[in-house]
Each structure stands twice: as structure tokens, then as C-alpha cells.
Amino acid sequence: MLNISGTQINFLKVRVITFILSAILIFLSIGAFFVNGLNFGIDFKGGTLIEIETSQEIEISGLRDNLNTLELGDVQVQEFGSSKNLLIRVEQQLGGDQVQQDVVQIVKDSLGSYLSTDINFRRTEVVGPKVSGELIQSGAIAIFVAVFAMLVYIWFRFEWQFSLGAVLALVHDVILTIGVFCITQLEFNLPIIAAILTIVGYSMNDTVVVYDRVRENLRKYRSKEITDLLNLSINDTLSRTIVTSVTTLLALLSLFIFGGEVIKGFTFAMIWGVIVGTYSSIFVAAPLLRYLDVKREWNTTSAVDSTR
Amino acid sequence: MLYFSNLKIFSVLTVIIITLLFAVPNFFGKDQLETFPNFFPKKQVNLGLDLQGGSHLLLEVDTEEIIKERVENLNADVRRVLKKNNLNYSNFKVSNESLKFIVEGFNSEIQKEISELSMSNSQNILAMGDQTNLIITQEENTVQINFTEEFIKQSVSNAVAQSLEIVRRRIDELGTREPSIQRQGSSRIIIQLPGIDDPDRIKSLLGQTAKLTFQLVDTSVNFDPFNPSKAPIGSEILASDADEEFKYIVKKRIMVGGENLVDAQPGFDPQTNEPIVSFRFDRIGATKFGRVTQQNVGKPFAIVLDNKVISAPVIREAILGGSGQISGGFDSEEANDLAILLRAGALPAPLIILEERSVGPDLGADSIEAGQFAAIIGFIAVIIFMIFVYRYFGLLADIALIINLFMVLGVLSLFQATLTLPGIAGIILTIGMAVDANVLIFERVKEEIRNGSNMMNAVENGYKRALSTILDANITTLIAAIILFFMASGPVRGFSITLAIGIFTSVFTAFTFTRLLISLNAKRLKPNFVGLSKNA
């Protein structure tokens, strides 16, 4: 029988180590962002994406060379899940939105004459410069708005100290998630923005549960040393934090393994986010409260309520 | 918290059963559903284009063209009025949105005349009432004429509405299955075409403005088609549709335009067996065409489509019947498409394709299959894990989870929300997160027991204490889902929908259904039921 209840782990004791660890990871992420940058998919970079399925295996390098003779700029060809499924990416063409449309036809014609097998066009996406510009903007705005909304909500429900701690943890999670995409150079596209927003929600969810307990314990143990109190609160909620993370990860892993190639990037981001989010609520959000001078006198009505 | 009145039990179960009923149609084929009684819900989940296969196109009306055209018309109107009043003007400048010139003797009378002419010419475009559409400012002899912002806005808005209508007609003509054509923002159109994974033909149909005109060929000048000299005033040089290098010189004046067509049909020329498009004019068009052809027998006229000459036949005799045919070396599909375009009418401005996303039916089916399989595996894993951790209570939470999953499906069907591939991911994520509310409660119960409460009180207090935490925790996720909903479109939006529905149903089931199950067993509850060892 699994029992994580009643633990008395001294999480705050390792806070210097975990803060340093987080700082290093953040540093690495920001570094990778400026050195490697994000590998933007066509959603944000514009261009054309064609997924094909062929009846026979195709030699990729030959096909790539052939497509590169079309003078369409950078053409990437990669396997997608199996050796008969190929993903072809053509970079955005100069000359505005209308020009992008011709690419599909050119590539399709070329594939038809170069490959002798049956070709099944599974997916075609063409994103022009106007839309890709808007998507990247609205994606960035959405993440900012989400983080800001969390800041306001926690401020409203708790106190500014909690709100600040939670948002710092949140920014930590977002930076680390973007960082892992910079380092791995996995494609960063629209669903990844959705994943980051969900991570924002999930990580906040985790943090709120811990903070809720901190607040409750602040009312209950008025003279307890803050470090002990934070430790107690993390331990009180540890079992829940782990169980929920495990169930969520179980579902996500299943999706990652069996859910198909199209949403793999999305699921990867979510898995990473859940791990980072869980870590940050225990090792970042809660320990931060120690430095934020949390108020110990809560309003009288609730104080009376909790002194029973 | 554990006591449920019969009324409460009844209402909780009713809500659940009704929601579940809405999920049922998804497990039957369309034919089977026909045999169900009338009162039974029959709506199935709406599958997104990424799951059922289809094409999504985002178009933009080229609004600059519209404004340019309006300014050009204004330009002609103003010059006409100035000429009529024998005013000499100089430094005539046409900019993006205004006209500017220097003239002597410009007065309020002429100003009024310009306004009235421009208004009457704009009346058929839009009804502005008595409002003027021009702002005329005069500084000594310099006159500047602008359109009012209101007029520009109205013109654009009208052109977009008109484009929407024409796009709809063109697509309907092709007999596409349940297309969805919607306006987005001020100048965009979203087209969703289920079942079409190669929208090339539609794209080419939408890529043409299809402005058809009949213009006389200017025979007054000697002219080399491959090396044209400058066109005289009142004429223009146009390229042939078949051969870009071959030019025609045609009179700018339009004999008849495509707006006077009432019908166009593809067919074959009985003599040459060549594909043609035969057309019929309305009464005004027929009269105009008859008159011009009568006066110009023996001369060629050009049939011009989108500024390209399709053909330039010689008028053998006056064409008075109001019908004719176009032959231009098309194949039968081209003839068919041209007929569609002419029937549907010309677009007021060109359409630009900003985005295309097409998914073949295979990929959609594969995605559904993979999604379902992943959901089942994830589901089983979570169920086993919950029983492992919380024993009997875990089992109750699992029952709630199953109910929860069907409720999500039911709500999706009820509101006819669109299920997309990220939407399936949202449901799977919900499987993982839905148990959270129960986990929070069970952990509280455990704690209460460890602190010495008896089982009944522990459960009672567990629910009470967990409530605010559960609300806070879920509201944060809900905020993220709502932001995502407003920011995203298409498949990603589907994710925010299932995520949000999942939050509601999981909180609902935790607080009603699981609690109900526990309360029904209240008397027999023991600490080990929640996963605590007996000596804890």
C-alpha cells in the first residue's frame, strides 16, 4: 500500500541547492534561447508543410536533393513516425501571402514525377507571413495574459506575497519549458503554446494547493517558525501533489506513446511541464514564501474560525 | 456534508443521467439512431477537420483594392464636373485616399455638384442616407477631396459582405458537403470544407475575381501584338489569356459587364465540338449589347475576364437575342468553372489566401484511432493507480471518473462543440486531472483520521476542508482554458473546450456523485477503505 502521508522531509533545508539548480536551468534556458533560438514551425515562421504516405520506403536524401532543385529555398524532408511517412517543409517564399500558394502545387508535381510509388497526401498546411506574424504575437500575449491573470487571482484570494511567489514559480516553469524547446530544437508550434498555457494552469493548481495549506497553517500555528511551517505545509500536501502528478503523467505518457505523431510535441511539452510544475511548487513556490515576509495576522473572522 | 436528502439524490442522478443520455448517440451509427424514439437525443460529437479530414482556408479581402477603386471613380467624377463647368485645373494628384488639385473659380455650387454626383454613383454601393461621403476642403485655389472615414468603412464592410456571398455561391455550385463559410474580423473569411483534402480547384475558383467585360477592340491604330506601342487615350493594352505575350488593344469603355448576365452554362460547340460557355444577358444587357453590335458590324470585340482577353471575335451581325457564347480554347473543366464563376458573379475585390490547412481522411481516422487507444490505456493506468493508493475510495473515484468521461462526451454532444485532436488530448489530460478533486478530499480524510477523528467525522470534515482548495485549484486551470479559448482558433480551441468541460464535470462529480456513493456506504466505512493501514 502506497503511503506518502505523514512525511517530515525538510524541504526548506535544500532550498539553497534547489534555488541554485533552478537558477542554472533558467540561465541555460535563456542562453539556449539566444544561442539556438526556438525552432519555429510553420505556424510562426510561415511556409508550407506537406505530410505524405508512400506505398514503398523512400530514400530521403535523394528526395531532399530533388526537392532542393526546385529553387524554393530551404526544403526539409524528415521521417514522421515511420519510414513510409514523410514530412516535407518548405520555407516561406518571398513576395507575400499569395506566392505561398504556388508552393504546394510545385512540390506535388515534383513528387509525382520523382517518386514512382503511390503517394497519399495526408496533410497540407500553408501559412502566409501575415497569419504567422499574428499567431506568434497572440501566442505571446496569451501567455502574458495567463500569467497576469494568475497573479491577480492569487492576489485576490491570498495576499500579494503569495501572488508574487506563485508567479515567480510560474515564470520559472514557462522559461524552463521554452528552454527545453530551445535546447532540444523540437519544433515549436501553435499546440506548444496551448501546452504552455495548460502548464501555467497546472503548475498554478499545484502551487495553490500548497499555498492554501500554508495559509491554513499560518492561522493554526501562530507562533511556529516560518521555515518549519512551510515544511509542514509541503509535507501535509506532498501525498496529494505526488498522486495527482502521477495520474496526470500516466495519462500523458499513454498519449505520448500511443497518441500518434501529430501531437507528440504537444504531449512532450505537457509532460515536461507537469514535472517542472510539480518541482516548482515544492522547491520554488513554497520556499520563496520564506523571503517574502508573509503576513501572519489574517482577518479576525477567519482567525476565530480557525482557532478552534 | 454527508447527508443527502432524497431530493438531492434525485437531482444529482437526474443531471448525470441526462448528460449521459446525450453521450449515447456517439456509440451508434447514423442509421441506428434513426430507429431511436423521437425524444431521444441524436446529436453526435462534431468532429473537427483534423479528425474527419477536410480543408480550412483563411481568406482576406484585398481592401486596398476597394479603396483604390473608389478613389478612381471619384477621380473620374471630379474631372467630369470640372470639365463641364469649364474650369482649368492643374497639379492634379491622386493619392491613396484623396484627390488634390489647383483650380480657379471653385465654389460651393461646384462642390455641391461633385458631392451629388459622387453620392448618386455610390448609392448603388451602399445606402448612406443623407449623409455626405466626401470631405472637401479648399485653401485659396488648392482643393482637397477625401472620403469620409465612415464611407471607407462602409465600402469595405459592404465589399466583404458581398465577397462572402459570392464565395458561398461559388462553393455551393461545386456541391461541397456542408461547407462552413464565416466572416472573421473586419475583412477576413474562414472557409471550412469537410471531406475535401485537396482544395486546389476551390482555391483556383476563389483566386479569380471573375470580372467579365465586353469591350470593343481599338482598330484605329496600327498595332503589333507582340510589341505593342503606347495605347491612345481611352484605350488600354491587355494580354491574351492563352498567351501572355500576345497583346490586344481595346477601348476602355465597357459595352456590357458581367453584372448583366443572368445565366451561364458550360456546353459544346455543335460544329467544332469545342467546350464553350453559353450565356444570357438580362434585359438591359441585351439592349446594350444589341445596340453596340449593330453599330460595329465587321469589327472585333474582346471578351475580357480579369483583365485578360479570352477571345476577340469579329461581330458578323447584330446580336439582338441577348445570348451568346464564349469559346477560348478551354477544356471542359475550365468551361465548367468559368460558367460557375459567371453565374456566381464577380468579387468586388481580389481575395488573398492567408492560410490553408488540409487533412486527408486517412490521417483523421488514424488520429481518432490513436487518440481512442491512448485514452483507454491512460484510463486503465489511472484506474489501477487510484485503487492501489486509495483502495475502496479509489474505486469510488474510478466510478466517478468513468461517469465523468461520459459526461464530457455528453456535454460536447449537447453543445455541439467541435472535438479536435488536441481536444482528445484535453480529454486524456482530464482523465489524469479529474481525480485531483477526489485526491484532495481523500488526503484530507486520511489526515483527519490520523488526527483522531472517527471515520464519519473524517469524511465530513474532509469534504468541508477540501472545498476551497479544490475551487482555487480548478479556477486557475479554468482561467488558462478560457484565455486559450479566446486566443486560439481551430484545433487548439478544441483543446480549451474539452479542458474546461472536464474541469466542470470533475468538480461536479467529486462533490456530488463520489460523495453520494460514500454517503450511501457511510455506516460501513473503515479507515482502510481510504487506503490507510488499520493501525494508522
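Counting starts from 1 at the beginning of each chain's written sequence and moves along it residue by residue. Written order decides the labels, with chains lettered from A and ligands numbered from 1. With pLDDT at 70 or above as the cut-off, local features in this predicted model cover only qualifying residues; side-chain atom pairs require 80 or more to be listed or tallied, and sums for whole chains, interfaces and linings still use all residues.

1. Looking at the packing of helix α11 (residues 421-450) of chain B against helix α12 (residues 455-487) of chain B
Residues and elements named next belong to chain B.
1) Next: Viewed as axis vectors pointing N to C, α11 and α12 meet at an angle of 135°, and their least axial separation amounts to 7 Å. As summarised for this structure, α11 and α12 are arranged oblique, according to the angle between their axes. Read as a crossing pair, α11 and α12 show a hand that is right-handed. Here α11 contributes Ala-437, Leu-440, Ile-441, Arg-444, Val-445, Glu-448 and Ile-449 to the contact with α12, which in turn contributes Met-455, Asn-457, Ala-458, Val-459, Asn-461, Gly-462, Tyr-463, Arg-465, Ala-466, Thr-469 and Ile-470.
2) Next: Ten residues, namely Ala, Val, Leu, Ile, Met, Phe, Trp, Tyr, Cys and Pro, are considered nonpolar, four, namely Asp, Glu, Lys and Arg, are considered charged, and the remaining ones, Gly among them, are considered polar. For the contact of α11 with α12, a count of residues per class yields 11 nonpolar, 4 polar and 3 charged. Axis definition: a line fitted to C-alpha atoms, limited for helices to the stretch in contact. Angles are taken between N-to-C directions and run from 0 to 180 degrees. Numbering of helices and strands starts at the N terminus; helices are DSSP runs of H or I of at least 4 residues and strands are runs of E of at least 2. Relative orientations are named as follows: roughly parallel for angles under 35 degrees, roughly antiparallel for angles over 145 degrees, roughly perpendicular for angles from 65 to 115 degrees, and oblique for any other angle. In this scheme the crossing of two helices becomes right-handed for a clockwise turn of the near helix relative to the far one and left-handed for an anticlockwise turn of less than a right angle. Once C-beta atoms are placed from the backbone, any two residues with those atoms within 7 Å are in contact.

2. Observations concerning the nonpolar core
One broad trend across soluble globular proteins is that nonpolar side chains are buried collectively.
1) Next: Ranked by size, the top nonpolar core spans 218 residues in total, and within it Leu197(A) and Val200(A) carry the most contacts.
2) Next: No other element matches helix α10 (residues 361-414) of chain B, which puts 22 residues into this core. What we call a nonpolar core is a set of buried Ala, Val, Leu, Ile, Met, Phe, Trp, Tyr and Cys residues whose membership is set by joining through C-beta atoms within 7 Å. Buried residues are those with 20 or more other C-beta atoms within 10 Å of their own C-beta, exposed residues have 12 or fewer, and partly exposed residues lie in between; C-beta atoms are placed from the backbone.

3. Section: the packing of α10(B) against helix α13 (residues 491-520) of chain B
Residue and element names in this part refer to chain B.
1) Next: Orientation of α10 relative to α13, taken along the N-to-C sense of each, is 140°, at an axis distance of 8 Å. Classified by the angle their axes make, α10 and α13 are oblique. Two packed elements cross with a definite hand, and for α10 against α13 that hand is right-handed. Every residue of α13 that contacts α10 at Leu-396, Ala-397, Ile-399, Ala-400, Ile-403, Asn-404, Met-407, Val-408, Val-411 and Leu-412 is listed here: Thr-498, Ile-501, Gly-502, Thr-505, Ser-506, Thr-509, Ala-510, Phe-513, Thr-514, Leu-517 and Ile-518.
2) Next: Looking at the contact of α10 with α13, its residues break down into 14 nonpolar, 7 polar and no charged.

4. Regarding the confidence of the model for chain B
1) Next: Residues with a pLDDT of 70 or more make up 96% of chain B, whose mean pLDDT is 84.
2) Next: The ipTM assigned to the predicted complex is 0.87, against a pTM of 0.84. A residue's pLDDT is the confidence the predictor assigns to it, expressed on a 0 to 100 scale.

5. Concerning the sheet that holds strand β5 (residues 119-127) of chain A
1) Next: In short, DSSP must find at least two bridges between two strands for them to pair. Here 8 strands make up an open sheet; going across it, the order is β3(A)-β4(A)-β2(A)-β5(A)-β17(B)-β2(B)-β8(B)-β7(B) and the pairing antiparallel. Looking at the sheet topology across the chains shown, the edges are occupied by β3 (75-80) of chain A together with β7 (180-184) of chain B. Each neighbouring strand pair of the sheet contributes to a mean axis angle of 20°, computed without reference to strand direction.
2) Next: Helix-sheet contacts for helix α5 (residues 129-157) of chain A involve β5 of chain A together with β2 (54-61) and β17 (351-359) of chain B, and the interaxial angle to β17(B) is about 70°.

6. A word on the environment of Lys112(B)
1) Next: Examined against the element boundaries, Lys112(B) turns out to sit in helix α5 (residues 108-123).
2) Next: Sequence-wise, Lys112(B) and Ser506(B) are 394 residues apart; in three dimensions their C-alpha atoms are separated by 69 Å.

7. Describing the interface of chain B and chain A
Often, the extent of an interface is quoted as the loss of accessible area upon association of its parts.
1) Next: Taken together, the contact pairs 64 residues of chain B with 60 residues of chain A.
2) Next: Sorting the residues of the side of chain B that touches chain A by element identifies α7 (200-206), β17, α10, α11, α12 and α13 of chain B as the ones contributing at least two each.
3) Next: Take the side of chain B that touches chain A: its biggest share by element is 16 residues, from α10(B).
4) Next: Here the residues of the side of chain B that touches chain A sort into 38 nonpolar, 12 polar and 14 charged.

8. Section: the pairing of β7(B)
All names here are of chain B.
1) Next: Relative to strand β8 (residues 188-194), β7 runs antiparallel, the two sharing 5 bridges. Along β8, the bridge assignment pairs Gln-184 with Arg-188.
2) Next: Hairpin connection between β7 and β8: a loop of 3 residues separates the two successive antiparallel strands, and Gly-185 in this loop has a positive phi of roughly 65°.

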